[in-house]
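Coordinate analysis (summary)
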Amino acid sequence: MRIAVPAESDPTEPRVGATPDTIRKFIALGASVAVQSGAGTKAGIPDRDFEAAGATLEPDAAGTLRDADIVLKVRRPDGADLANIKRNAIVVGIMDPYGQDEALRIMAEAGVTGFSMELMPRITRAQVMDVLSSQANLAGYRSVIDAAEQYGRALPMMMTAAGTVPAARIFIMGVGVAGLQAIATARRLGAIVTATDVRPATKEQVESLGAKFVAVEDDEFKQAETSGGYAKEMSDGYKQKQAALVAAHIAKQDIVITTALIPGRPAPRLVTAAMVQSMRPGSVILDLAVERGGNCELSRPGEVVDHDGVKIVGYLNVPGRLAATASSLYARNLYAFVETLIDKTSKTVAVNWDDDLVKATCLTRDGAIVHPNFQPKAA
């Protein structure tokens, strides 16, 4: 049983799919592990650490992927990766499947068995495998650090002989995993924190972290959550009422951090150009949803936009800005899942196709797209 850890083909992706710690665990399960030279460099893991853990170093992707039974990736494999992966090999990673029909077709035709980690069901057994939570948690933390750097002023109240520095006001929009960590981080840094979300259950979570909850709490709000714990799409009427409340609130804020995402849909537009215009020069908006179209009307992927003195930050791959920590958590997520695909007695790959985790995450198998949510629509 051979496990491969190639370097990511996207030069902007600094994370890696395994660490020396998880490699030791895979070897204990009876696997041999091949790591591409330099795969962990951007995550602060030198080749010698992989070798010390028992991995074999390969000079290129072709050598790393050759004859691999399991391939550990951060991002979906591209054509160059697929050309080197044998048919029926298992590929595990963050596949970003929504709206990627052609990429999924190519992956299926390559004959690989692809598992999309972000489709992991949110059940107790799978908590240790939840890559969305592990990476979003870091993104929420980093968003506050990045916003504070762009803000250029102190966050906590400071009483000095020269006068008092007022505490910064930070507004978090979207209280999922990223939003909650952003609230906690901003509070630890001494800011005055408020937050909003359409899901009623988040109010108690926000207040438990010492922040104030801001929302139109009508009957629609009380039912605005799916059984899976995600936000529902709200009616136009509710959006208008919420927008009016938020617009008045945003005008008083120093930093706004937006984190709102709905799986499979473009990011909801929460901050309009008029709202940006109402903020004081020197204020900052950080849009964590910029890769899905953005929560702010003026955000641009990969850019820091200056709009009349208000900075709109649209950094890409925010978890990757903490590559070492993100890789460590992500590698543990992968190990926890891949371990369930291995027979401990025979030390071979033995996928239980009836396992709920397997059924929820398997995208491609036997040359076809098998996940019901992503199968091609009939002509």
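Source: prediction; values computed, not measured. (Residues numbered from 1 in each chain as written. Predicted model: local features only at pLDDT ≥ 70, side-chain atom pairs only at ≥ 80, totals over all residues. Heavy atoms only, no water.)

On to the pattern of salt bridges, then. As enumerated under the stated definition, the model contains 20 salt bridges in all. Across the pair D81 and K73 runs a salt bridge whose closest N-O atoms are separated by 3.1 Å. With relative accessibility at 4%, the residue D81 sits in the buried group. A cluster of three or more residues bridged by salt bridges with shared partners is formed by E8, K73 and D81. (Salt bridge = Lys/Arg side-chain N within 4 Å of Asp/Glu carboxyl O. Buried < 20%, exposed > 50% of the residue type's maximum accessible area, 1.4 Å probe, protein only.)

Another point: unusual backbone geometry. Residue N317 is not a glycine yet carries a positive backbone phi of 50 degrees. If you trace the backbone, N317 turns up in the loop between strand 15 (310-313) and helix 12 (323-338). With a relative accessible area of 8%, N317 lands in the buried category. One non-glycine residue, K347, lies in the positive phi region at around 55 degrees. Position of K347 relative to the elements: it lies in the loop between strand 16 (342-343) and strand 17 (348-349). Classification of K347 by relative accessible area gives partly exposed; the value is 39%. (Helix = DSSP H or I, 4+ residues; strand = E, 2+ residues; numbered from the N terminus.)

What helix 1 (residues 20-28) keeps buried is the set P20, T22, I23 and F26. For helix 1, the angular spread of buried residues about the axis comes to 160 degrees, placing them on one side. Against the buried residues of helix 1 lie strand 1 (2-5), strand 2 (32-36), helix 2 (47-52), strand 4 (70-75) and helix 12. (Arc of directions from axis to C-beta. Contact = heavy atoms within 4.5 Å.)

What follows concerns the nonpolar core. Counting 41 residues, the largest nonpolar core has F26, L72, F115 and F337 as the members making the most contacts within it. Every element with two or more residues in this core is listed here: strand 1, helix 1, strand 2, strand 4, strand 5 (90-94), helix 12 and helix 13 (356-361). Take this core: its biggest share by element is seven residues, from helix 12. Contact partners of L72, with chain neighbours within four places excluded, come to I3, A4, V5, P6, G17, A18, F26, V92, L334 and V338. Counting residues in each nonpolar core, the second largest holds 33 residues, with A178, A191, I255 and Y315 among its members. (Core = buried A, V, L, I, M, F, W, Y, C linked by side-chain atoms within 4.5 Å.)

Turning our attention to the pairing of strand 6 (residues 113-116). Of the two faces of strand 6, the one holding T113 and F115 and the one holding G114 and S116 are both buried throughout. Looking at chain direction, strand 5 and strand 6 are connected through four bridges and run parallel. Bridge assignment links V92 to a residue of strand 6, and that residue is F115. Between the parallel pair strand 5 and strand 6, the chain is carried across by helix 5 (residues 101-109), and the sense of this crossover is right-handed. Bridge count between strand 6 and strand 18 (residues 362-365): two bridges; the pairing is antiparallel. Residue pairing across strands places G114 opposite T364, the latter belonging to strand 18. (Pairing = 2+ DSSP bridges. Right-handed = clockwise from strand over helix to strand, strands pointing away.)

Read across the open sheet, the seven strands follow the order 11-10-9-12-13-15-14; overall the sheet is mixed. On the outer flanks of this sheet lie strand 11 (212-213) and strand 14 (304-307), each paired with one strand and no other. When strand 14 meets strand 15, the two strands line up antiparallel, connected through four bridges. Considered in strand 15, the bridge of H307 is made with V310.

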